[in-house]
Structures are given as C-alpha cells and as structure tokens.
Number of protein chains: 2
Amino acid sequence: MLGRKDVLHLKWNRQAIDVVEAQNRIQSHVRLQKSEDLALLRAFGRRLAEDMAAPHDMPHFVRSGMDGFAVRSEDLRGAGARRPALLEVVQTISCGTVPTLPIRSGQAARIMTGAPLPDGADTVVMFEMTEDRELGGRPFVAVKKEVERGKNVSLIGEEIKRSEPLFGIGTRINAGEVSLLAAFGHERVRVFAKPRVAVFTTGSELLDIGSPLQPGKIRNSNFYLLSSLVQEAGGEVVRSAVLSDRIEQAKRAIDQAIGEVDLIITSGGVSVGDYDVMADFFRDMPGTLLFNKVAMRPGSVTTVGVSQNKLLFGLSGNPGACFVGFELFVRPALLAMQGKKDPYPPKFRAHLHGDFTKGNVFTRFVRGRSFIREGRAFVEPVGREQSSVSVSIKDSDCLILIPPGRRGKQDGELVEALKLDVIR
Amino acid sequence: MLGRKDVLHLKWNRQAIDVVEAQNRIQSHVRLQKSEDLALLRAFGRRLAEDMAAPHDMPHFVRSGMDGFAVRSEDLRGAGARRPALLEVVQTISCGTVPTLPIRSGQAARIMTGAPLPDGADTVVMFEMTEDRELGGRPFVAVKKEVERGKNVSLIGEEIKRSEPLFGIGTRINAGEVSLLAAFGHERVRVFAKPRVAVFTTGSELLDIGSPLQPGKIRNSNFYLLSSLVQEAGGEVVRSAVLSDRIEQAKRAIDQAIGEVDLIITSGGVSVGDYDVMADFFRDMPGTLLFNKVAMRPGSVTTVGVSQNKLLFGLSGNPGACFVGFELFVRPALLAMQGKKDPYPPKFRAHLHGDFTKGNVFTRFVRGRSFIREGRAFVEPVGREQSSVSVSIKDSDCLILIPPGRRGKQDGELVEALKLDVIR
C-alpha cells in the first residue's frame, strides 16, 4: 500500500502535455454514435449520419423568376419606345400548372413567378416593362425594349445539379439544411443518436440547489452547467449523481454508469487535495489513463481516461476551469461522436483590447468577448481572471490564448482565440 | 368593384419604406409574452421575464483557492530557504466542513480548495511550496518563502456582491446563466412563454415534401424553413396549412388562427402576380396594414399588418427572400416578444472579400459568410445571388448590405453587415 508521501509524489509528478496533444489522444478514442431515422423537423439541430447528394436537378423545370410575359427574345429585336414589339398573349401560366401551348414567333404567355416556361419561350419580361393592348378583340402585350435572352429565367439544374454533393456527414441540420432537405423530398433523415452522458459532481461541500446556504458549503452549480453544455453539444444527460469524497462510491457509480452511457463527465476532485477522489480514481482506474495534466490554465489538472471504450472526463471543480475543460475536450469529443469533421473550436487571430499582463508557465485560456470595429477584429478578457469566477462564463464568446511567458500580451497585439458558439 | 387595371395600379403603386422604418413600425406593435415558471433546466434556452439580482454574496464565506496551508501571513515574515517558518498544523479543513479552531500565531491549518478559512488565517500557501515536518511527535509545516497577505484566498462577495444586478429581462438562459442561477439557488425561473406561431404557405404549385416531383410543381420547403427559424427564435409553430390561391380560404384560415396564436407568418403570394392571394388579402385586411413594400432586395414585397393586436407577416415565397424577411422582421419581433432589449441582428463593418458589382435601386441584403484573418474582419457573398437560390441560406452567417447605387462595392471596401446566429 502507498504511504501518503508516495501518493503525494504521484499527485505532484504528473506529466503535463500540450492541449493539442491532449485533444489528439482523446480523438483517437472517439467512436461514432449509432444512427437513427427521424422525421425532418425532429432532426432539426441534429447531425447527419451520411453524406447526401441532390437526388434531382433544382429547379427541375425551366422556371420564370418574375411575374411577366414569357417571350422569344428574338421577337424583341429592335423594340423601342417608338416601335414596341407587339406580341399576342395566347395563354396564362400560373404556378403549379403546365403550359398548354408552345410560344411561336409573335406570341407571348402571361406567366407568374415560379411557373414553368412554355416551349419556344426563352425569356421573361416583367409586367412593369409592358403595356396591355387589344387588337381585333384579342389581347396583346407591347414591349418597348429589347431584353437579353434568358432574362428572368432559371434553367434546369441552375441552382443545384442532380448528384451534386449537398451535405457531408456530421453537418448540423440548421434552418437552411432543413429547407433544402424538404425541397429534395426528404421526409426523414438519418442522423446520429444523441450521445448519452453521465454527469457526476464530486465534493462533500455540494448542496442541492434548492437548499438554503450553509457555512462552508456551496450549491452544486456544476451539474447544471455541465447539463446545459452537454445539451448544447447535442448530447443528453441520462444519469447523474453527487458523489462524496469516498473512492468506493465513485468507483461503484462509474462502474454502473459505464455500460449505459456513451461518455462520462465528472467535475471536482482531480487536484492534489487530501480528498480528491477523482485523482485517486484515475490513478488506478480500470482502463487507460490518457493524461492527468495539461499545460494550460485554468484546468491544468484535467484528467481523461478510457474504460470499456468509453471516454471518462475528470474536469476541475472550479466553474471556470470546468467550463474551459468542457470546451477544449468534452465538446469536441461529443461533436466528433456525432460525425463533425473538425470538432474543435475555430481558431482566429484578433487584436487584444487592453493589456493582459499576468504571465504564466502554461498557456492561459482567458474567457473573452470578441467584437469587430471598422473592419478590425478584437478580443478582450471578461470579468476577473480567476478560475473560480463563474460570472465570466455567461459573458464570453471566445477563449483568448495567452502563451506561456512572463509578460502576457499588450493592448493591440495580435493574439489567438478560439470561437465559442453562443446565441444571445 | 375594382377592375384589373385598378388592381394592378394598387399593386404597383406600393410605397416603399426603409428597412429601419419598417422595423420600427413592427416594433411599436410588439407585445410582451405572458410569463411562466419553469424548473431551471427546462428554462435552458428561454428568456428571463424579470430582472434578477444576486440574493447573497458569492462566495458567502472566506474561501481557500488552493490546496495548501491556511496561515497568518505575518508568521512568514523573514522566511527563506535557509530559515523556513515552522508552523504547527493544528487541524485539517476539507471542503464542506467548518473549521473547529482559530489559527493562532505559529499555527497553520491544512486546507483544501474551496474550504472555509479558519479565523485568524488570512493567506493560503500551496502544498507545492511547503514541506511536512514532525517535531516532538506533532505535525509541523515548513514554509521557505514569504507569501503576500491574502494570497489564494477569496473574500466574501469577491465574485459577486449581494444585490448586484445579475441578469436583465429578456436575457437568454445559456449555460453560463444556468450555472449562476443554480449557484444562487434558483430551482425555478420565470421566463417568457414561447410565442405561438401559425405558418401558412401559399401557392397551388406546392407539393407535400413526401410527394414525387410533378412538372411545374415544387415541394413546400418554406414551411420547413420557417418552422425551423421560428424554433430557433424561441417560438413554436402550433398551426400550419398550405393555402391555395383562393382569397376566401386564406381569409378563413387566418381568421381562425388569429385568436389562437401570438403571431402569423405567411409565405408567397405577396407580389404583383395574378394569383397573389396574400397581396389581395393585405389590400383589404381587417386591421392595419403597416407596409407592403420595403426598399430592399430581395423581398421588397414583404408585407406586414396588425389585426386583433397580432402581427401578420406576409413574406415572399422565394426561399432566399423569405429567409431575409424572417431575419429582418420576424425574428426581431419574436425576440422582442420575449423581452430581448435590442432584438435586431447586430451590425458590424467588415472588408468585402471579392467584388460585388451588381447595382440596385434598393439596399441589397446579400447572404454572406464572415471570417477573420490576421485581425481583419471580412465578409463575402455565398452562392449565386438570386433570391430563389436556396442553397446559400445554409452557408450564410451574415447579411451583407450593398447600398443602393450602380456600382456595388469593390474588393476590400468596408461594408456593413448583419450578424446572424448560426451554430455549425
């Protein structure tokens, strides 16, 4: 059995790895979710489980893009205000109908936006450029201008050609995707099943959120934070519990959950404290420890392992560090499980607004806000930068990277940042 | 009764108003939704129906920010590698417990991150800077450095003070908000009820999405587009129908819906075609017509009225124009009904990537993509710019404003753009 000194030695001699290396180690253990067929509107917000191509041309018929007259453009040659082209109106074509007659030289068809062009016609002249006439009791239209051939007409396949790739696997089904899927007749779509997630929060200091405050105790906000983040990332929390600081309880809870869920998240207990139950758990976990220290602040003690082919994330208990750990490691894993090709938060370079002078041995991921002013992109830290300051989570839409070093970064310097998805 | 010429005169002599004027007219008819109490996690994604302030200080006790030893900083004065301060360890304070003893001069308490500081202590020295000792069978700790008073300690109210404003009415409850609400003990929150919306799509050319293609007909994708957009904006579609081109049917459908829903959207039939049923409907609608022409492309025929205090939006039937009309007018109305303070898509100025040479008499809202490169913000049009090109909806995250004029905008010029909320 290990003495306390030995255990402390293990705790403190963790090998810190780079964030990217940590992400890669996780990625190599990601397994795609099973897929399921859903009715189109129920699939809204989910991710496609297959590549999809256009099953037919769009439009699938030659279509008018305006309310006006379908004509043969050659009939307008030489037309002008003094010498309008006079065309006999031989039919009216409304949307959803099929033209009954071809258009011969000297003829036109009254046509509505979206209606199919009659044979012979190649151009549509909008109503506003025409005048109604009557000659010998028959309806005519006068056009006082030449009109370019093909004007106001959409050709077959002009928007999308048959077999053209539409969506890649892992694409999120947003409103634009729903619209296209509907236009192509997909009543149902094959999407990845939501990752089923267990969330365990650890610590004897945690109160239920309905409880009144007690000295030395805090409410279990991390469970709510993580549940919301999991939901945002397309997963669902199907199991949860508050674990005390007893290792046996943690082992039992994780052991029971692991067969039922696709991924496990814990928060708290990964540090070097005497009661850090998750650090103990990961030290001799059944399975593979991927890492237990990352060269980053906050959340350097973030720990990830794999057991029974399931990823186990040991996030820090500090809300800010828990959040950063989720965004860098858990969200990408959840997105990759749902097929997303590049599941990491998109990186961009922007000007730092204000100084950030605090140095660090590790890269710091500072919760920040981005904005654009006169074509220049800026990021600025939000709130006070302590890993426990939970108020800044709600105000951030990016993580600003401050590289290791003593001096930090100065106002106006270009810094890297990671974009977070936030809707206000 | 009006003859065809009179009707056409009315159709074509619509008075175009500015987008901002149109938005203002709508805004003056927005009424806040009723509110409802929801369990915290069910309120995720909804909007707060009240301003909220912190009910207590956070933290509510003096808290250790590290695993280490709680000390009196004055006891470390003069400490160094050669002459460490030796302090007797009189207790261990884990998270969630309350210290049993005060710390007197010459004493220290072993303390965990998040645990309450004992009386007398003012500073925490992290484990890594200490060495365990034993003197006379009693546990001591050696500290080889002076430590700044207050180091690794969070004071009461340091993150948030009691009564400090937390959230304004209309705030979207994202993960950060959920976390704070949980920390402050809000098991339930008061949010605005989801706006109940009716969506009517018009046109005899519309096929059910499960139907095979027919000549001249298209599938009803706009219903799916609008349903998704409504859901994104926090509403729910509770009524829908496809309307033919018969005015009586449209009147009956809208009349039946208006008592049951908070807002009505139609798509199609607002233009100058012979069968444009919504244009006819709005021409003599019961209630007030707010406008039936907007100085914009696409979607200049977008029409909005108010009847029985409900907003009725007549959007264009072209998917692209329908989308732009939704983003400029319907989404802001839905967000304002849920209390959002500035409900319009945020405006920013960025460099145009590539030329956009097509001029227009009206401001053009071009579906675009934004990106940041080396601190510069760019926008570029997506797809081919025809109002009917539905493929560009899915690829856009902004609308680029091309002001009226002949020459459009050149590569690199600063242009205004409206940010759209998209999660990929």
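Residues numbered from 1 in each chain as written. Chains lettered and ligands numbered in written order. Predicted model: local features only at pLDDT ≥ 70, side-chain atom pairs only at ≥ 80, totals over all residues. Heavy atoms only, no water.

An unreviewed UniProt entry annotates chain A as Molybdopterin molybdenumtransferase originating from Cohnella zeiphila. UniProt annotates chain A under Catalytic activity (unreviewed entry) with the comment "adenylyl-molybdopterin + molybdate = Mo-molybdopterin + AMP + H(+)". If you open the UniProt record of chain A and go to Sequence similarities (unreviewed entry), you find "Belongs to the MoeA family." (UniProt positions renumbered as here; feature names shortened; annotations may be inferred.)

*Asks:* Can you tell me about the overall build of chain A, naming the residues and giving the values?
*Replies:* Within chain A one finds eight helices and 26 strands. Against the 2.2 N^0.38 benchmark of 22 Å for 424 residues, chain A shows a C-alpha radius of gyration of 31 Å, more extended than a compact globule. When the backbone C-alpha atoms are referred to their principal axes, chain A occupies close to 110 × 50 × 40 Å. Burial status across chain A gives 56% buried among its 424 residues. Approximately 17700 Å² of chain A is accessible, and the part contributed by carbon and sulfur atoms is 48%. Here chain A holds 58 positive side-chain charges and 50 negative ones, and the gap between their average locations is 4 Å. (Helix = DSSP H or I, 4+ residues; strand = E, 2+ residues; numbered from the N terminus. Rg over C-alpha atoms; globule rule 2.2 N^0.38 Å. Buried < 20%, exposed > 50% of the residue type's maximum accessible area, 1.4 Å probe, protein only. Areas by Shrake-Rupley, 256 points an atom, 1.4 Å probe, with all protein chains shown as cover. Lys, Arg positive; Asp, Glu negative; His and termini not counted. Charge placed at Lys NZ, Arg CZ, Asp CG, Glu CD.)

*Asks:* So what's going on with the interface of chain B and chain A? Residues and values would help.
*Replies:* With 95 residues of chain B at the interface, the matching set in chain A holds 95 residues. Note on chain B versus chain A: buried area summed over both sides is about 8100 Å², and carbon and sulfur give 58% of it. It is B:Glu159, B:Lys394 and B:Ile423 in chain B that bury the most area against chain A; as a group they hold 8% of the surface buried on that side. Remark: the boundary between chain B and chain A carries four salt bridges. Across the pair A:Glu374 and B:Arg349 runs a salt bridge whose closest N-O atoms are separated by 3.0 Å. (Contact = heavy atoms within 4.5 Å. Buried area = accessible area lost by both parts, 1.4 Å probe. Salt bridge = Lys/Arg side-chain N within 4 Å of Asp/Glu carboxyl O.)

*Asks:* Can you tell me about the packing of helix H2 (residues 19–27) of chain B against helix H7 (residues 319–337) of chain B, naming the residues and giving the values?
*Replies:* Residues and elements named next belong to chain B. Between H2 and H7, the shortest axis-to-axis distance is 10 Å and the interhelical angle comes to 35 degrees. Crossing of H2 against H7: the hand is right-handed. Contacts from Val19, Ala22, Gln23, Ile26 and Gln27 in H2 reach Leu328, Phe329, Pro332, Ala333 and Ala336 in H7. Here the residues of the contact of H2 with H7 sort into eight nonpolar, two polar and no charged. (Axes fitted to C-alpha atoms, helices over the stretch in contact; angles between N-to-C directions. Left-handed = near helix turned anticlockwise from the far one by under 90°. Nonpolar A, V, L, I, M, F, W, Y, C, P; charged D, E, K, R; others polar.)

*Asks:* Tell me what's going on with the domain arrangement of chain A, and back it up with residues and numbers.
*Replies:* The domain architecture assigned to chain A consists of domain 1 (4–33 + 194–337), domain 2 (36–58 + 159–191), domain 3 (63–154) and domain 4 (347–419). Using C-alpha coordinates to define each centre, domain 3 of chain A is positioned 60 Å away from domain 4 of chain A. (Domains from an automatic or database assignment.)

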